Amino acid sequence: MENIKWITVKNPEEGAKEVFNLISEELQHDRLHVLGLATGSTMIPVYDEWTNSQLDFSNVTAFNLDEYVGLGADNPNSYAYFMKQHLFSKKPFKATYIPNGMAEDLDEECKEYERKLNSNPLDIQLLGVGENGHIAFNEPGTSFDSVTHVAKLTESTLDVNSQYFENDDKIPNIALTMGISSITNAKKLIMVAFGEKKRAAMEKLKSGEVTADWPITKLLRHDDVVVITDLQID
Ligand code: GLP
């Protein structure tokens, strides 16, 4: 696919260095003011690379993709907690936004988040992918035109993500998530996928077929995408 630049690396550490180089270059050229961030185990080496560096995000506003409904920032299973632990407590940003899963009016929270995104267009969105091809919490079948919304998680995602849950907490089955359209409005997308469990999603992307059954394939309609993976996809 011509719109996608594939970078194949040996391991996650090497992949994290590739992300670092891309981010560092954009910062140096003053092209990075608003950065979309992601959570998940894939992002841990990525953020480690940033926090062990001189990268300066003090003029960058960050937006996270998603959050579980019902988990606050002080809950170790929330994405707000993850971001604080792995990045925000170590690197200052100009401002950071994460959808509030504790909001009383979830629809209003989503609308407000989308309004903020519209007034701060994303220069780069960093993305991981779910085993079923979801991006953020946009599960298979989600409209490509979706904006920030309340999403119901699939059994497959609940199964995979509950492995990381601490304190015997039950994983919420709904979340707030940027929509597929909110994500692909970013000028540049950086997708990171490590390990065999992501092979099906990577193969689907490589196949070139755009289908709502695999949300990741919406990336084929974007004109500036970099995929960094340790999988060899033919
Ligand atoms: C969650 C997040 C996604 C992330 C995915 C992959 O479902 N909502 O944004 O891409 O996990 O997580 P991991 O990196 O742990 O494989």
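Our subject is the structure listed above.
Each chain has its residues counted from 1, running along the sequence as written. Since the coordinates come from a predicted model, pLDDT governs what is reported: local features require at least 70, and pairs of side-chain atoms require 80 or more to be given and counted, while whole-chain, interface and lining totals use all residues. Computation of side-chain values covers all heavy atoms of the structure but excludes hydrogens and water.

**Q** Hey, could you run me through the overall build of the protein in this one?
**A** Going along the chain from the N terminus, every DSSP run of H or I of four or more residues is numbered as a helix, and every run of E of two or more is numbered as a strand. Within the protein, the regular secondary structure consists of 7 helices and 10 strands. By its C-alpha atoms, the protein is 45 × 40 × 35 Å across when sized along the principal axes. For the protein, the residues scored as buried account for 56% of the 234 residues in total. In the protein, once contacts between residues fewer than 6 apart in sequence are set aside, the share between residues at least 24 apart is 80%. Residue exposure (1.4 Å probe, protein chains only): buried if accessible area is under 20% of the type maximum, exposed if over 50%, otherwise partly exposed. Between two residues, a contact is recorded if the distance between any of their heavy atoms is within 4.5 Å.

**Q** Would you mind going over the site of the ligand with me for this structure?
**A** Residues in close proximity to the ligand total 14 residues, the closest being Ser 41, Thr 42, Asp 66, His 134 and Lys 198. When the ligand sits alone it has 390 Å² of accessible area, and the protein chains cover 94% of it. According to the grid-proximity analysis, the pocket containing the ligand is the largest pocket. Residue proximity to a molecule or strand is established when one non-hydrogen atom of the residue lies within 4 Å of it. Here, Shrake-Rupley sampling with a 1.4 Å probe gives the accessible areas, and only protein chains in the shown set may cover a residue. Within this scheme a cavity is a closed region of a 1 Å grid, computed over the protein atoms alone, that accommodates a 1.4 Å probe without allowing it to escape, whereas a pocket is open but has protein on both sides within 12 Å along at least five of seven lines; lining residues each have an atom within 4 Å of a point. Think of it this way: if more than half of a molecule's atoms are within 2 Å of a pocket's grid points, that molecule is in the pocket or cavity.

**Q** How do you make sense of unusual backbone geometry when you look at a structure like this?
**A** Its identity is not glycine, yet Asp 30 carries a phi of approximately 55°, on the positive side. Overall, the relative accessible area of 54% leaves Asp 30 in the exposed class. Within the chain, Ala 136 stands out as a residue other than glycine whose phi angle is a positive 55°. Along the polypeptide, Ala 136 turns up in the loop between strand 6 (124-127) and strand 7 (149-152). Of the residues examined, Ala 136 reaches a relative accessible area of 9% and is grouped as buried.

**Q** Before we go on, may I ask you to explain the packing of helix 2 (residues 43-51) against helix 3 (residues 79-88) in this structure?
**A** A pair of packed helices can be characterised by two numbers: the angle between their axes and the separation between those axes. Fitting a line to C-alpha atoms yields each axis, with helices limited to the stretch in contact; the angle taken between N-to-C directions then spans 0 to 180 degrees. Running from N to C, helix 2 and helix 3 cross one another at 40°; their axes reach a closest spacing of 9 Å. It follows from the interaxial angle that helix 2 and helix 3 lie oblique. Only Phe 82, Met 83, His 86 and Leu 87 of helix 3 make contact with helix 2, whose side of the interface consists of Ile 44, Tyr 47, Trp 50 and Thr 51. Polarity classes work like this: nonpolar for Ala, Val, Leu, Ile, Met, Phe, Trp, Tyr, Cys and Pro, charged for Asp, Glu, Lys and Arg, and polar for all others, with Gly in that last group. For the contact of helix 2 with helix 3, the per-class residue count stands at 6 nonpolar, 2 polar and no charged. Just so you know how the angles are binned, under 35 degrees is roughly parallel, over 145 roughly antiparallel, 65 to 115 roughly perpendicular, and the rest oblique.

**Q** Sorry, what's going on with the pattern of salt bridges here?
**A** Side-chain pairs of opposite charge can arise where the charged atoms are in close proximity. Just to be clear on terms, a salt bridge is a Lys or Arg side-chain nitrogen sitting within 4 Å of an Asp or Glu carboxyl oxygen. In the structure shown here, the tally under the stated rule is 8 salt bridges. Across the salt bridge formed by Asp 224 and Lys 188, the nearest N and O atoms sit 3.2 Å from each other. Note that Asp 224 is positioned in the loop between helix 7 (199-207) and strand 10 (225-229) and Lys 188 in strand 9 (residues 188-193), a separation of 36 residues in sequence. Here Asp 224 falls in the partly exposed class, since its relative accessible area comes to 27%. With a shortest N-O distance of 3.3 Å, Lys 204 and Glu 209 are connected by a salt bridge. Here the salt bridges share partners, and the residues they tie into one network are Glu 108, Glu 112 and Arg 115.

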